[in-house]
Amino acid sequence: MSWSVLLAADPSPEPASLDEAAKQAGDAASWVEQNWSTWLNTGLRIALILVVALVLRMLLRRALTKLIDRMNRSAQAVAGTALGGLLVNAERRRQRSEAIGSVLRSVSSFVILGTAGLMILGAFKIDLAPLLASAGVAGVAIGFGARNLVTDFLSGVFMIMEDQYGVGDSVDAGVASGEVIEVGLRVTKLRGDSGEIWYVRNGEIKRIGNLSQGWATAAVDVMVRSSEDLDHVRSVIGEVADGLAKSEPWNEQLWGPVEVLGLNEVLLDSMTVRVAAKTMPGKALGVERELRWRIKQAFDAAGIRIVGGLPPTLEEALLDPTAGMAAPSAYASATSPQSLAATPIAPQANMAK
């Protein structure tokens, strides 16, 4: 009796659980059947986006690499010639092309992969407006926090693309001057005249003076006495200029004739003659030194005196030993009128009493 009551009060749940499980399985199968096409479509879209992005990135990077290699080969092809040594600096072209290629590869990868990522998020039906707004705010914050770094980077990119200077150039950057040994996107390395290395941030360079582009001017000022014959001085300097233009290696470094520009300054005891010549970039200092050397030798041989030697008074003293002696004084003789007038009057005897 008790067992029958218990069985009637607690029926077995197995038929109900089986029916529920079957119902859930049917619902799941129907849900999968309804959504599998959407999943397949989304997966194929994501796969297609990734494949297209990766292939496009690979092709673009390969094209940039070939372009940079071609630029380097063209620079190396003429680097060994005489004209190529003047117009092309292989190391400068290599660093410039590598820097530009690195920037272009980074920018292209960022644009392609960033666009692919946004398209993938859009395929998942994700609202991109809050994400883009957050990215814009974060970009502004990073820009304000790292504005010096951004300024250095952008300045370096434009300097390299505009070819304002390169490796081997002698430049005056305002804060430092010297020979460029490395050009980077953030820092430029200069070697000073004493061998020191300057690390100059590209954003700090407000103006740049390139002393190695185009041509240079070698100018020499020669000071001679105002009594010298100007025609004779001009003829002697002309002979020096002809000899310099015909000798090695100055004939290659001179890009124009050595000219006497005329008098730069005229004083009572001296006059300054300016001599100038157009030279190869970076060779002006050597040409100036050689010009001074040869002009001094030619003036000595021609008897032209350059101002800066012995002062005229000292030269006259050496020619006349008595010229440096003082004139005899009238007070040296006790019987001279000047000495008698300067002698004190002796007191008289009756006045003393």
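Q: Please clarify how the overall build of the chain should be interpreted in this entry.
A: Regarding its fold elements, the chain presents 12 helices and eight strands. Within the chain, the fraction of its 353 residues that count as buried is 25%. A fraction of 63% describes how many contacts in the chain between residues 6 or more apart in sequence connect residues 24 or more apart.

Q: What's the story with helix α7 (residues 230-246) in this structure? I'm lost.
A: An α-helical segment advances 3.6 residues per turn. Residues three or four places apart therefore align on the same side. Between its terminal C-alpha atoms α7 stretches 25 Å, which fits the 24 Å expected from 17 residues at 1.5 Å a residue. Of the residues making up α7, those classed as buried are Val233, Val236, Ile237, Val240, Ala241 and Leu244. Down the axis of α7, the buried set is contained in an arc of 140 degrees. They therefore lie on one face. Exposed side chains of α7 directed beyond 90 degrees from the buried face belong to Asp231, Glu239 and Lys246. Buried-residue contacts for α7 involve α8 (250-253), β7 (259-266), β8 (271-279) and α9 (284-302). Of the residues flanking the start of α7, the one acting as N-cap is Asp229, its side-chain oxygen 3.3 Å from the backbone nitrogen of Asp231.

Q: What exactly am I supposed to notice about the pairing of strand β2 (residues 177-183) here?
A: Regular strands place side chains that alternate from one sheet face to the opposite one. The pairing of strand β1 (residues 170-172) with β2 spans three bridges and is antiparallel. Considered in β2, the bridge of Asp172 is made with Ser177. The hairpin formed by β1 and β2 contains four residues between the paired strands, and Gly174 there has a positive phi angle of roughly 85 degrees. For β2 and strand β3 (residues 187-191), the ladder comprises four bridges, and the chain directions are antiparallel. Of the residues in β3, the one forming a bridge with Glu179 is Arg191. In textbook terms, the turn of a hairpin is the stretch between consecutive antiparallel strands, and for β2 and β3 this stretch comprises three residues.

Q: Where do I start with the pattern of salt bridges in this structure?
A: Side-chain pairs of opposite charge can arise where the charged atoms are in close proximity. Using the criterion set out here, one finds eight salt bridges in the structure. The shortest N-O distance in the salt bridge between Asp221 and Arg274 comes to 2.8 Å. With Asp221 in strand β6 (residues 216-224) and Arg274 in strand β8, this residue pair connects regions lying 53 residues apart in the sequence. A relative accessible area of 40% means that Asp221 is categorised as partly exposed. In this structure Arg274 comes out as partly exposed when scored by relative accessible area, which is 28%. The salt bridge partner of Asp300 is Lys296, with a shortest N-O separation of 2.5 Å. In this pair, Asp300 and Lys296 are both assigned in helix α9, four residues apart and thus about one turn of the helix distant. Residue classification places Asp300 among the partly exposed residues on the basis of a relative accessible area of 47%. Residue Lys296 is classed as partly exposed on the basis of its relative accessible area, which comes to 38%. The network of salt bridges with shared partners includes Asp152, Arg201 and Glu204.

Q: Explain unusual backbone geometry here, please?
A: Note on backbone geometry: most residues besides glycine have negative phi, and most peptide bonds are trans. Pro249 follows Glu248 through a cis peptide bond whose omega is -10 degrees. Its place among the elements puts Pro249 in the loop between α7 and α8.

Q: Before we go on, may I ask you to explain a nonpolar patch on the surface in this structure?
A: A cluster of nonpolar side chains, Val51, Val55, Met58 and Leu59, forms an exposed patch at the surface whose accessible area comes to about 340 Å². Owing to a relative accessible area of 49%, Val51 belongs among the partly exposed residues under this scheme.

Q: Got a minute to help me understand the packing of aromatic side chains in this structure?
A: Working definition: an aromatic ring pair is given by the centre-to-centre distance plus the angle between the planes. Taken as a whole and assessed by the stated rule, the structure comprises zero aromatic pairs. Across the ring face of Trp215, the terminal group of Lys278 is positioned such that the distance to the ring centre comes to 4.4 Å.

Q: When you look at the sheet that holds β8 in this model, what are you seeing that I'm missing?
A: Backbone hydrogen bonds are what pair the strands of a sheet, in a parallel or an antiparallel way. Read across the sheet, three strands follow the order β6-β8-β7 without closing on themselves; strand pairing throughout is antiparallel. Looking at which strands have only one partner, the edges of the open sheet turn out to be β6 and β7. Going from strand to strand, the sheet's axes swing by 25 degrees on average, the running direction of each strand aside. Both β6 and β8 contribute to a ladder of nine bridges, which runs antiparallel. Its bridge partner being in β8, Met223 is matched across the sheet by Thr272. Most of the contacts of α7 go to β8, to which it runs at about 25 degrees, and overall it touches β7 and β8. Each of β6 and β8 is contacted by α9, which is oriented at about 25 degrees to β6, the strand it contacts most.

Q: Teacher, can you tell me more about the nonpolar core here?
A: Note that soluble globular proteins tend to have their nonpolar side chains buried in a common cluster. Judged by nonpolar contacts, the single largest core of 25 residues is most densely connected at Val258, Leu291 and Phe299. Residue assignment for this core shows that the elements contributing at least two residues are β6, α7, β8 and α9. With sequence-adjacent residues up to four places away left out, Phe299 is seen in contact with Val222, Val224, Val233, Val236, Ile237, Ile304 and Ile306. Ala99, Tyr165, Ala176 and Val180 belong to the second largest nonpolar core, which has 12 residues in total.

Parameters at a glance
- Residues numbered from 1 in each chain as written.
- Predicted model: local features only at pLDDT ≥ 70, side-chain atom pairs only at ≥ 80, totals over all residues.
- Heavy atoms only, no water.
- Helix = DSSP H or I, 4+ residues; strand = E, 2+ residues; numbered from the N terminus.
- Buried < 20%, exposed > 50% of the residue type's maximum accessible area, 1.4 Å probe, protein only.
- Contact = heavy atoms within 4.5 Å.
- Expected span 1.5 Å × (residues − 1).
- Arc of directions from axis to C-beta.
- Polar contact = N/O pair within 3.5 Å; in protein donor to acceptor, adjacent residues only side chain to side chain.
- Pairing = 2+ DSSP bridges.
- Salt bridge = Lys/Arg side-chain N within 4 Å of Asp/Glu carboxyl O.
- Patch = residues over 30% accessible without salt bridge, like charges linked within 9 Å, V, L, I, M, F, W, Y side chains within 5 Å.
- Areas by Shrake-Rupley, 256 points an atom, 1.4 Å probe, with all protein chains shown as cover.
- Phe/Tyr/Trp six-rings, centres within 6.5 Å; stacked < 30°, edge-to-face > 60°.
- Lys NZ or Arg CZ within 6 Å of the ring centre and 35° of its normal.
- Axes fitted to C-alpha atoms, helices over the stretch in contact; angles between N-to-C directions.
- Core = buried A, V, L, I, M, F, W, Y, C linked by side-chain atoms within 4.5 Å.

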